[in-house]
Amino acid sequence: MTNFKTYLNSYSWDEVLDSIFLKTEREVQHALSSPKPTLEDFKALISPAAKPYLEQMAAKSKAITKKRFGNTMQMFAPMYLSNECQNICTYCGFSLTNKIPRRTLTDAEILKEAKFLKDKGFQHILLVTGEANKTVGVDYFINAIRLLKPHFANISIEVQPLDQNEYELLIKEGLYAVLVYQETYHEATYKTHHPKGKKSNFDYRLETPDRLGKAGIHKIGIGALFGLEDWRVDSFFTALHLKYLQKAYWKTKYSISFPRLRPFSGGLEPKVAMEDADLLQLICAYRMLDEDVELSISTREEENFRNHIVHLGITSMSAESKTNPGGYVVEPQSLEQFEISDERSTETIARMLQESNLEPIWKDWDQNW
């Protein structure tokens with residue numbers, strides 16, 4: 001069976017970059033008027049030529065989102081279980097080379113963190129760890145899911161890529177979704193930022209969504225880390241990946257996230273800057289490309305931007321996130337994976353949404369249908 005690497009290899013990064021920057025206003029207008037935009041239309045919508053049309057794009061994205069999702073916003077919270085990691089990643093606070101205290105939560109500590117989030121109203125949690133197979137491997141994940149399943153409606157993970165049979169084991173335990181970001185689809189740049197550890201294997205990471213689709217996962221989350229390479233080209237390849245997966249694994253739901261590089265201890269400056277207007281343009285382009293895909297925004301983004309984006313394409317957001325193991329209750333002062341920007345409480349963000357005529361949804365709506 002063909003996998004996504006075959007599709008990726010049929011494209012030239014530089015040719016895609018050139019084609020995006022050569023898009024014209026006429027092509028943008030065609031994309032805006034299309035009832036079902038193509039990937040070529042998507043290139044036009046993320047191109048510099050589309051900048052003067054941002055207001056029109058936002059209006060169309062808003063209308064599509066309201067038609068498909070109503071006045072709702074799905075809420076989730078990350079729960080960091082461990083900062084143990086065997087990878088060297090140039091942009092991450094958990095990187096093996098960073099001399100930080102390492103810790104992995106015990107059962108009792110997991111339940112303490114869970115109680116905090118449950119009391120806040122969350123029903124959808126995302127379990128996050130560094131990539132350390134021996135410390136936080138499949139057995140640890142199975143145990144965590146068994147501990148948390150009685151308390152939450154949906155449990156997702158963002159951990160190291162696993163084999164298909166390992167995902168099948170976790171799905172049997174109640175795993176709902178897996179988020180796995182390629183970071184960048186530019187293979188040479190990828191290898192520069194991931195010089196050591198299992199994550200240095202570009203192909204194995206790239207093929208993870210295929211293994212998830214074959215395993216029968218309910219939802220797969222994909223995306224790129226904006227700042228490692230040109231955001232427009234990485235976004236095009238994310239869109240290409242999405243369309244491939246939807247065709248190959250049509251029973252599975254999909255989400256896209258938009259992480260931008262954030263500071264951490266020893267930080268990394270973005271290679272290509274992505275301004276707020278660029279991110280808004282991209283969100284609207286994805287919504288026009290696909291009416292059904294979940295678009296998610298995290299607390300990496302500052303509160304004013306998040307306040308304004310909630311009507312314009314986003315359908316899922318986190319609140320009061322902590323990016324360190326035990327960060328809610330157990331050990332609030334431990335080192336974060338990256339700095340968050342929107343530090344408002346869950347209650348404040350819920351109130352903001354309600355004042356914007358949006359209903360916070362604490363349980364994944366797919367499960368309610």
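Right above here is the structure, for reference.
Thresholds, definitions, all that
Residues numbered from 1 in each chain as written. Predicted model: local features only at pLDDT ≥ 70, side-chain atom pairs only at ≥ 80, totals over all residues. Heavy atoms only, no water. Helix = DSSP H or I, 4+ residues; strand = E, 2+ residues; numbered from the N terminus. Rg over C-alpha atoms; globule rule 2.2 N^0.38 Å. Buried < 20%, exposed > 50% of the residue type's maximum accessible area, 1.4 Å probe, protein only. Axes fitted to C-alpha atoms, helices over the stretch in contact; angles between N-to-C directions. Parallel < 35°, antiparallel > 145°, perpendicular 65-115°, else oblique. Left-handed = near helix turned anticlockwise from the far one by under 90°. Contact = heavy atoms within 4.5 Å. Nonpolar A, V, L, I, M, F, W, Y, C, P; charged D, E, K, R; others polar. Salt bridge = Lys/Arg side-chain N within 4 Å of Asp/Glu carboxyl O.

Quick word on the overall build of the protein chain
Here is step 1 of the chain: Looking only at helices and strands, the protein chain features 15 helices and nine strands.
Here is step 2 of the chain: Radius of gyration (C-alpha) of the protein chain: 20 Å, near the 21 Å computed for a compact globule of 369 residues.
Here is step 3 of the chain: Reported as C-alpha extents along the three principal axes, the dimensions of the protein chain are approximately 60 × 45 × 40 Å.
Here is step 4 of the chain: The buried share among the 369 residues of the protein chain stands at 59%.

Looking at the packing of helix α3 (residues 25-33) against helix α5 (residues 54-69)
Here is step 1 of the chain: At a closest axis distance of 11 Å, the pairing of α3 and α5 adopts a crossing angle of 15°. As far as their axial angle goes, α5 and α3 are roughly parallel. The way α3 lies across α5 gives a crossing that is left-handed. In this structure, α3 contributes A31, L32 and S33 to the contact, and α5 contributes Q56, M57 and K60.
Here is step 2 of the chain: Of the residues assigned to the contact of α3 with α5, the class counts are three nonpolar, two polar and one charged.

Regarding the pattern of salt bridges
Here is step 1 of the chain: Evaluated as defined, the whole model comprises 24 salt bridges.
Here is step 2 of the chain: Between E294 and K219 there is a salt bridge whose closest N-O contact spans 2.8 Å. With E294 in strand β7 (residues 294-297) and K219 in strand β5 (residues 219-222), this residue pair connects regions lying 75 residues apart in the sequence.
Here is step 3 of the chain: The class of E294 is buried, set by a relative accessible area of 9%.
Here is step 4 of the chain: For K219, a relative accessible area of 3% corresponds to the buried category.
Here is step 5 of the chain: The salt bridge partner of D290 is K243, with a shortest N-O separation of 3.2 Å.

What about the packing of helix α6 (residues 107-120) against helix α7 (residues 138-148)?
The description of two packed helices rests on the angle between their axes and on the distance between the axes.
Here is step 1 of the chain: The geometry of α6 relative to α7 is characterised by a closest axis approach of 10 Å and an angle of 45° between their N-to-C directions. When the interaxial angle is binned, α6 and α7 end up oblique. Judged by the twist between their axes, the crossing of α6 over α7 is right-handed. Note on element contacts: α7 touches α6 through Y140, N143, A144, L147 and L148, opposite D107, I110, L111 and A114.
Here is step 2 of the chain: Considering only residue class, the contact of α6 with α7 consists of seven nonpolar, one polar and one charged.

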